[in-house]
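# Summary of structural features
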Amino acid sequence: MARFQRQYVPRVNNAPRKHPHGAARSAAAVVLAAAVLVVSACAGEFPQSTLHPTADFGERIDALYRTIFWWAVGVFVVVEAALLFVILRYRERPGSAEPRHVHGSTLLEIAWTLAPAVVLVFIAVPTIRTIFQTDGTAPEGALEVEVIGHQWWWEFRYPEYGITTANEMHVPQGRPVALSMTSADVIHSFWVPKMGGKRDVLPRRTTRLAFTPDSVGDFSGQCAEFCGASHANMRLRVMVDGEGDFAAWVTRQQSLPVVSESLTGLARQGAELFANPAKLCFGCHIVEGISPGVLGPNLTHVGGRTTIASGILPNTTEGLTRWIRDPIGEKPGSLMPQVPLTEDEIAALVAYLQSLD
Amino acid sequence: MATSLAHDASTVRDSLMARIWSWVTTTDHKRIGILYGVTAFLLFLLGGLEALIIRLQLASSGNTLVSAETYNELFTMHGTTMVFMAVMPLSAAFFNFVVPLQIGARDVAFPRLNAFSYWVFLLGSLFMNASFLIGAAPNAGWFGYANLTATQYSPGVNIDFWVLGLQILGIASIAAGINFIATIVNMRAPGLRMMRLPVFTWMTLVTQFIVVTAFPVITVALVFLMFDRFFGTNFYSVAAGGDVLLWQHLFWLFGHPEVYILILPAMGIISEVIPTFSRKPLFGYAVVVYSGLLIGILGWGVWAHHMFQVGLGPVADSVFAATTMLIAIPTGVKIFNWIATMWGGKIRFTTSMLFAVGFIAMFIIGGLSGVMHSSPPADLQQTDTYFVVAHFHYVLFGGAMLGIFAGIYYWWPKVTGRLLSEPIGKVHFWLTIVGSNLAFFPMHFIGLLGMPRRIYTYDPALGLDDMNLVATVGAFIMGLGALVFLVNVWYSRKRGAPAGDNPWGGATLEWAIPSPPPVYNFTALPEVRSRVPLWAKDGMTPLPESPSEDIHVPGGSFWPVLAAVGIVLMAIGALIKVLPVVLGGGVVLIVSVYAWAFEPFEV
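The shown structure was predicted, so the numbers you read here are calculated from the model rather than taken from an experiment.

### A look at the overall build of chain A
- The number of helices and strands found in chain A is 9 helices and 14 strands.
- Taken over 357 residues, chain A has a buried fraction of 39%.
- Long-range contacts, defined here as pairs at least 24 residues apart, represent 68% of the contacts in chain A between residues at least 6 apart.

What follows is the structure in structure tokens.
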């Protein structure tokens, strides 16, 4: 350092100089805009918020994130304040003296190397503790659900109950859930923010997630790993039921579907269309005991779901009609083709699907 | 082929054709730097246009401005363009123009290789963007995860454009990397020891070491993918026992060092700008240099933090979390040293300085959100959401691009001989800073409130319409800022104030010579005796008014251009699956390289 102790004299420059106008004002405007956003973010209803978890997995992450967040806020305030102080205090004024040429300070360098290191220890320790708490191993007695990602829908299987369903996962409140997940095609990612973090769903691999939901409700999520044309349309729901409701749901799902012969009117016509090979339905969709298809979602109890087409349409007459009329228009790239059907045929099929509750 | 000083001056004025020819065959690092800058800035505008369409689509939920397919192409090309065709080559413009001047050299070590790098970059960029013309732009994201890129799931030529285009751009980067390492190590003026190098040159050196080590990794990954797609191999084919995670490890083993390839040059730029406008030498020079080196080295040990959601297991997650957090330390140290440089200084808020201070202010935010998802459990909620989009735009726009703008305003007078307008520059700065914060800050909330990335539509029930609209408005304010910059360029081209040798009172060698510099740069090679040669008393030997004898500078050559054409011909042949075109391109390449090797270098 000794070599640089000499006082250097920079060349004087005579170009006109200006002081920054309104720098502080503009900064204040940005801060204000941010504050407005924060307030609005807390006021609204955000079904996929990571900040209001309702399962242990999400709550552990949230607690950790809040710790890190406040450390970050502290560092932010200190460093930005230092920056603001320096640019306000040391901006050139008429007649300010030439600065002294300081070249460094070993003590300061050590100090500001150690300071972030210490802060990071306070972040790293709870981080590593949380990593091991949330590594996807579920306690004994957890409800096993197999998740299979497809372009662009979700298949859920419950080996314990022999149930297969799609896009809406029912789980009981308070019982740990253990997901073992794989993909039928490309990489997807299972993410229901209120339950907790996401986990990729990969072909030929099994990944795990575990969480224990603590409130009854309907929690939405969606695929978080880009998986092709309709990635945006690959949504899902976790329905957390009270114990009785969950048992009723399981019983319902385990029951065989309505047999076509007992149906009447429009639904009866729809059942016949569904079974007609020319209409292509049963080649892809299972209705337990009726059709063997494996490519598309299991429709045995489709009438009991709240949404269809992996959460992009409500399971109403209108939603089903739109979906059957133009699947690729509703969900670009969809593997379900547009089957040539008359409006009457569509209405019949809709009636049939609605009867499968 | 060498041109003497007098000869060069007369030929340049001959005719328009001759002038164009002289640019096409130029090997002058300053001209190549200008070519890099202009080309990369146009591509930056293209990438920005893609971003504006993306933001328009997301301005409200369920918007149908563009289709899902178009949207996927737009975000893929926005990322690919900004990383490989805008920010990297904009940095390359500075490497080319500034580094030889800062080290007191007449040119780079391999002038024709330098021209080759530029033409490969240009033609590779045109090749990649030609995909838009036939409606088949790459559409699997800039990260192109296997196995979505397999022929089974992406049967079109979209991914072929991407896999071939990136290989071409990689050739340009590696060639330039070798060139600049050789230049900085070997061609420094007498007395310019490593620890006297300007920090920008230092960061260039670190960056180029990362380039020559990281790009081979992605090249391997791309070759595997190309073989899978063209020849039916099974590197990433799950059905045949291949592994989709192989791609992710290779891609991020390149991809994270790539982040430092993007940011270190900008850190180097502001390490020049801040001392000049504070009228104080850089505080803790050695620490700033070593922290840059450390960032370059540590950058190799953190790639799996892009893969926390894959489920690598708690031990791997913990290790990669720790290495990632470690990087925050040298990064923080740099920020503290920049602030300490300004402390006690006499700060002139030129546009360049404003951008440099903007860099620090925004980089702090990007750094802190980075620490947030260095924690794997937090990352499981944040990754693949708009929170991460906010993070890396604070780092890459707030960091890299603001740094680049600081550099443009700082060295523009050296390049053109005229100053950019300061009043227009300040409008540009404030629009950019207000626009980018308005665009990117809400994205933190949008992500934490549950919006994933890479979705062309979102559910109105998410409650995120308002914040998305704010982000869109911010993006358009940024766009307006870019237009104001173009106005500034147009205005200053004729009416900018003459710069003189050293308009800012800078301390480094490039400010000791005329603006624009003569083709030979220095009338005599200076002997440097200080880290701040123009500020120190007796910091360098004085330069004579004119050269004492003719100076040999590298002459023009069209072989590098032709070699670049050969490479792109090969890619076109592969794309259209016509073997003779591939072979023809190969012949052009081999003949050009052969002729180039035997081209007489000195008259």
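### Re the overall build of chain B
- A count of helical and extended segments in chain B gives 17 helices and 0 strands.
- Taking 603 residues into account, the globule formula puts the C-alpha radius of gyration at 25 Å, and chain B, at 24 Å, falls close to it.
- Classification of the 603 residues of chain B by burial places 64% in the buried group.

### Let's talk about the confidence of the model for chain A
Residues and elements named next belong to chain A.
- Predicted confidence across chain A gives a mean pLDDT of 88, with 88% of residues reaching 70 or more.
- Mean pLDDT values for the elements of chain A range from 57 in helix α1 (residues 23–43) up to 98 in strand β6 (residues 188–190).
- Within the model, the stretch residues 1–22 combines pLDDT values under 50 with 29 contacts to residues more than four positions away or in other chains.

### Quick notes on the nonpolar core
- Membership of the largest hydrophobic core comes to 269 residues, with the highest contact counts inside it found for Ile270, Phe359 and Ala406 of chain B.
- Sort the elements by how many residues they give to this core and helix α4 (residues 68–102) of chain B lands first, with 21 residues.
- Setting aside residues no more than four positions away along its own chain, Ala406 of chain B makes contact with Ile269, Ile270, Val273, Ser352, Phe355, Ala356 and Phe359 of chain B.
- Among the nonpolar cores identified, the runner-up in size contains 20 residues, and Phe274, Leu349, Val350 and Leu353 of chain A belong to it.

### Let's talk about the sheet that holds strand β9 (residues 217–222) of chain A
Residue and element names in this part refer to chain A.
- Strands sit in the order β4-β10-β9 across an open sheet of 3 strands; the sheet is mixed. If you trace the sheet from one side to the other, it starts and ends with β4 (168–172) and β9, each paired once. The average angle at which neighbouring strand axes cross in this sheet is 25°, direction not considered.
- By the bridge criterion, 5 bridges tie β4 to strand β10 (residues 235–241) in an arrangement that is parallel. Residue pairing for β10: Pro172 is matched across the bridge by Asp241.
- Seen against the sheet, helix α4 (residues 243–254) touches β4 and β10 and runs at an angle of roughly 130° to β4.

### Looking at the packing of helix α2 (residues 56–89) of chain A against helix α3 (residues 106–133) of chain A
All names here are of chain A.
- Look at α2 against α3: their axes get within 10 Å of each other, and the N-to-C directions meet at 170°. By the criterion of interaxial angle, the relationship of α2 to α3 is roughly antiparallel. Together, Arg60, Ile61, Leu64, Thr67, Ile68, Trp71 and Val75 of α2 and Val119, Phe122, Ile123, Pro126, Thr127, Thr130 and Gln133 of α3 make up the contact between the two elements.

### Quick word on the interface of chain A and chain B
- Facing the 94 residues of chain A at the interface are 90 residues of chain B.
- Listing elements by their share of the side of chain A that touches chain B, those giving two or more residues are α1, α2, α3, β7 (199–201) and β8 (207–211) of chain A.
- Along the lines of polarity and charge, the residues of the side of chain A that touches chain B split into 50 nonpolar, 24 polar and 20 charged.

### Some remarks on the pairing of strand β1 (residues 143–150) of chain A
Residue and element names in this part refer to chain A.
- Here 7 bridges tie β1 to strand β5 (residues 177–183), and the two strands are oriented parallel to one another. Residue Glu144 lies in a different strand from β5, and its bridge partner there is Ala178.
- The sheet contact formed by β1 and strand β2 (residues 153–158) spans 5 bridges and is antiparallel. When the sheet's bridge partners are listed, Gly149 is paired in β2 with Trp154.
- A loop of 2 residues connects β1 with β2, the two strands running antiparallel in sequence.

### Looking at the environment of Ile365 of chain B
All names here are of chain B.
- Inspection of the secondary structure assignment puts Ile365 in helix α11 (residues 351–374).
- The exposure class assigned to Ile365 is buried, which follows from the 23 C-beta atoms found within 10 Å.
- Sequence separation of Ile365 and Val395 is 30 residues, and the distance between their C-alpha atoms is 8.1 Å.
- Among all residues touching Ile365, those that are not within four sequence positions of it are Tyr394 and Gly398.

### Regarding the sheet that holds β2 of chain A
Residue and element names in this part refer to chain A.
- With respect to topology, 5 strands assemble into an open sheet ordered β3-β2-β1-β5-β8, the strand pairing being mixed. A single partner strand is all that each edge strand has here, and the edge strands are β3 (163–166) and β8. For this sheet, the mean angle separating the axes of adjacent strands, direction not counted, is 25°.
- Alignment of β2 against β3, held across 4 bridges, turns out to be antiparallel. Each residue of the ladder has a partner; that of Phe156, found in β3, is Thr165.

### Some details on helix α8 (residues 244–278) of chain B
All names here are of chain B.
- Look at α8: 51 Å from first C-alpha to last across 35 residues, which is about the 51 Å you get at 1.5 Å a residue.
- Remark: the principal bend of α8, roughly 25°, maps to Ile263, with a proline, Pro265, within the next four residues.
- Taken from the residues just after α8, Arg279 is the one with a positive phi, measuring 55°.

### Notes on the packing of helix α13 (residues 386–416) of chain B against helix α14 (residues 422–448) of chain B
All names here are of chain B.
- With their axes 7 Å apart at the nearest point, α13 and α14 run at an angle of 165° to one another. Between α13 and α14, the angle is such that the two are roughly antiparallel. Considering the relative orientation of α13 and α14, their crossing is left-handed. Contacts between α13 and α14 involve Tyr386, Phe387, Val388, Val389, Ala390, His393, Tyr394, Phe397, Gly398 and Tyr409 from the first element and Gly425, Ser436, Phe440, Phe441, Met443, His444, Ile446, Gly447 and Leu448 from the second.
- A per-class count over the contact of α13 with α14 returns 13 nonpolar, 6 polar and no charged.

### Side note on unusual backbone geometry
- Here the residue pair Gln151 of chain A and Trp152 of chain A is connected by a cis peptide bond, since its omega of -5° sits within 30 degrees of zero.
- Tracing the sequence through the fold places Trp152 of chain A in the loop between β1 and β2.
- Across the junction of Ser515 of chain B and Pro516 of chain B, the peptide omega takes the value -10°, indicating a cis bond.
- Along the chain, Pro516 of chain B turns up in the loop between α15 (465–495) and α16 (559–576).
- The phi torsion at Ala309 of chain A lies on the positive side, around 55°, for a residue other than glycine.

### Some thoughts on the pairing of β8 of chain A
Residues and elements named next belong to chain A.
- The buried fraction of β8 is high, at 4 of 5 residues.
- In this sheet, β8 lies alongside β5 in antiparallel orientation, the contact comprising 5 bridges. Paired with Met181 across the bridge in β8 is Thr207.

### As for the confidence of the model for chain B
Residues and elements named next belong to chain B.
- Here chain B averages 95 in pLDDT, and 97% of its residues register 70 or above.
- With pLDDT under 50 throughout, residues 1–7 is counted as low confidence; its partners more than four residues away or in other chains account for 21 contacts.
- At the level of chain-chain contacts, confidence expressed as ipTM amounts to 0.92, with global pTM at 0.93.

### Focus: the environment of Val87 of chain B
Residue and element names in this part refer to chain B.
- When you line up the elements, Val87 lands in helix α4.
- Classification of Val87 by C-beta neighbours within 10 Å gives buried; the count is 27.
- Distance from Val87 to Met401, taken between C-alpha atoms, is 7.1 Å for residues 314 residues apart in sequence.
- Apart from residues no more than four positions distant in its own chain, Val87 is found in contact with Met82, Leu262, Leu396, Ala400 and Met401.

### A closer look at the environment of Asp357 of chain A
Residues and elements named next belong to chain A.
- Inspection of the secondary structure puts Asp357 in the segment after α9 (343–355).
- Residue Asp357 is classed as partly exposed on the basis of its 13 C-beta neighbours within 10 Å.
- For the pair Asp357 and Arg252, spaced 105 residues apart in the sequence, the C-alpha separation amounts to 8.1 Å.

Thresholds, definitions, all that
- Along each chain, residues carry numbers from 1 onward, in the same order as the chain's sequence is written.
- Chains and ligands are labelled sequentially in the order written, the chains with letters from A and the ligands with numbers from 1.
- Where totals are concerned, whole chains, interfaces and linings use all residues; where local detail is concerned, this predicted model gives features only for residues with pLDDT of at least 70, and gives and counts side-chain atom pairs only at 80 or more.
- Each helix is a run of H or I in the DSSP string that is no shorter than four residues. Each strand is a run of E no shorter than two, and both are numbered from the N terminus.
- Here the C-beta atoms are placed from the backbone, and a residue counts as buried if at least 20 other C-beta atoms lie within 10 Å of its own, exposed if 12 or fewer do, and partly exposed otherwise.
- Here the contact rule is simple: place C-beta atoms from the backbone, and any two residues whose C-beta atoms are within 7 Å are in contact.
- We compute the radius of gyration from the C-alpha atoms alone; for a globule the expected value is 2.2 Å times N to the 0.38, where N is the number of residues.
- Across the chain, each position has a pLDDT score giving the predictor's confidence in that residue, from 0 to 100.
- Note on terminology: a nonpolar core is any set of buried Ala, Val, Leu, Ile, Met, Phe, Trp, Tyr and Cys residues joined through C-beta atoms within 7 Å.
- A strand pair is defined by DSSP finding two or more bridges across the two strands.
- All axes are obtained by fitting lines to C-alpha atoms, using only the stretch in contact for helices, and the reported angles, taken between N-to-C directions, cover 0 to 180 degrees.
- Oblique is the label for any angle not under 35 degrees, not over 145, and not in the 65 to 115 range, which are roughly parallel, roughly antiparallel and roughly perpendicular in turn.
- Nonpolar residues are Ala, Val, Leu, Ile, Met, Phe, Trp, Tyr, Cys and Pro. Charged residues are Asp, Glu, Lys and Arg, and all others, Gly as well, are polar.
- Multiply 1.5 Å by the residue count of a helix minus one, and that product is the helix's expected span.
- Working definition for bend: take the seven residues up to and ending at a residue and the seven starting at it, fit an axis to each, and measure the angle between the axes.
- Crossing handedness follows the turn of the near helix against the far one: under a right angle anticlockwise gives a left-handed crossing, and clockwise gives a right-handed one.

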